[in-house]
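# Summary of the model geometry
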Amino acid sequence: MTADPLIDIAGLGAMRGERILFKDQFATVHAGQICLLRGTNGSGKTTFLRLVAGLIPIEAGKLNVNGACHWVGHADGLKPHETPRQHLNHWARAWGSPADIDRILAQNGLERAADVSATSLSAGQRRRSAFGRLQLVERPVWLLDEPFSALDAEGRTLIADQVSAHCANGGTVVAAVHGNSPLRADLELTL
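A brief structural summary. Within each chain, residues carry numbers counting from 1 in the order of the written sequence. Under the rules for a predicted model, residues below a pLDDT of 70 receive no local features and side-chain atom pairs below 80 are neither given nor counted, while totals for whole chains, interfaces and linings still include all residues. Side-chain descriptors were evaluated using all non-hydrogen atoms of the structure, hydrogens and water having been removed beforehand.

A pair of strands is labelled paired if DSSP reports no fewer than 2 bridges between them. What counts as a helix is a DSSP run of H or I of at least four residues, what counts as a strand is a run of E of at least two, and both are numbered from the N terminus. Taking strand neighbours across the sheet as the criterion, the five strands line up as 5-6-7-3-8 in an open arrangement whose pairing is parallel. A strand with exactly one partner marks an edge of an open sheet, and here the two such strands are strand 5 (69–72) and strand 8 (187–190). Averaged over all neighbouring strand pairs, the angle between strand axes comes to 15°, with direction disregarded. Sheet topology places strand 3 (residues 34–38) next to strand 7 (residues 172–176); four bridges connect them, and they run parallel. Bridging from a neighbouring strand, Cys-35 pairs with Val-174 of strand 7. Axis definition: a line fitted to C-alpha atoms, over the contacting stretch in the case of helices. Angles run 0 to 180 degrees between N-to-C directions.

Spelled out as structure tokens, the structure:
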């Protein structure tokens, strides 16, 4: 590939306390590519994503990210009283986005649940609401921690389609996954 990579990782490592989570990780991720992180619970997948996002300092190795990141972690980010519509409106205002919230709700299958408080939503509906944030502002790098957790088959397809469209438009995705994933991997790292 001729374009500069969106993510370039050389010798990346991390520790938790006195325990090495992973070391000597190398990856070059270009626009349009998907990198899957695999490993057992506690192997450092979330830590790896947090390093790429710039949320924690690098302990070993080098990391260069060329572009802004979106992060969807384990927690979906909805307050208990908040509805999907309120959640997306809040982030649209915070990010200065003129996004069409009704369109985003529809794209995520949340039309009927748009005005239901998070305490009454299913785990899958809360997850879909979190993914709606990715459509508020374009950012080239999506960092997804267990993106398919709590989703039914329809939700898994919906998210996989969004990831594919993002990559087709020149974005990249780094996703921590367990088991089978509906995402096609251009490269995989095992932690």
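As a working rule, side chains carrying opposite charge can pair if their charged atoms are close by. Just to be clear on terms, a salt bridge is a Lys or Arg side-chain nitrogen sitting within 4 Å of an Asp or Glu carboxyl oxygen. Tallied over the entire structure, the rule returns seven salt bridges. The salt bridge partner of Asp-152 is Arg-128, with a shortest N-O separation of 3.5 Å. One end of the pair, Asp-152, is in the loop between strand 6 (141–145) and helix 5 (153–168); the other, Arg-128, is in helix 4 (residues 123–132), with 24 residues separating them in the sequence. Judged by its relative accessible area of 47%, Asp-152 falls in the partly exposed class. Between Arg-128 and Glu-154 there is a salt bridge; the shortest N-O distance is 3.9 Å. Of this pair, Arg-128 sits in helix 4 while Glu-154 sits in helix 5, placing them 26 residues apart in sequence. Relative accessibility under 20% of the residue-type maximum defines a buried residue, over 50% an exposed one, and the middle range a partly exposed one, all with a 1.4 Å probe and only protein chains included. Residue class for Glu-154 comes out exposed when judged on its relative accessible area of 54%. If you follow the salt bridges from partner to partner, you end up with Arg-85, Asp-102 and Asp-115 in one network.

As a further point, take the sheet that holds strand 1 (residues 7–16). Strand pairs in the sheet, formed through backbone hydrogen bonds, run parallel or antiparallel to each other. Taken in spatial order, the three strands line up as 2-1-4 in an open sheet, and their pairing is antiparallel. Since the sheet does not close on itself, it has two edges, and those belong to strand 2 (19–29) and strand 4 (60–65), each with one partner. Pairwise comparison of adjacent strand axes, ignoring direction, gives a mean angle of 25° for this sheet. In this sheet, strand 2 lies alongside strand 1 in antiparallel orientation, the contact comprising seven bridges. Within strand 2, the residue paired with Leu-12 across the bridge is Gln-25. Whether two residues are in contact is decided by their heavy atoms: any pair within 4.5 Å suffices. Sheet contacts for helix 1 (residues 45–53): strand 1, strand 2 and strand 4; angle to strand 1, the most-contacted strand, approximately 130°.

Our next topic: the nonpolar core. We define the nonpolar core as a collection of buried residues of types Ala, Val, Leu, Ile, Met, Phe, Trp, Tyr and Cys that are connected through side-chain atoms lying within 4.5 Å of one another. One finds Ile-7, Ile-9, Phe-22, Leu-37, Phe-48 and Val-174 to be the most contacted residues of the largest nonpolar core, which totals 24 residues. When contributions to this core are tallied by element, the ones reaching two or more residues are strand 1, strand 2, strand 3, helix 1, strand 6, strand 7 and strand 8. Here Phe-48 is in contact with Ile-9, Leu-12, Phe-22, Gln-25, Leu-37, Val-174, Leu-189 and Leu-191, once residues within four sequence places are set aside. Within the second largest apolar cluster, 19 residues are counted, among which are Leu-36, Ala-130, Leu-134 and Val-177.

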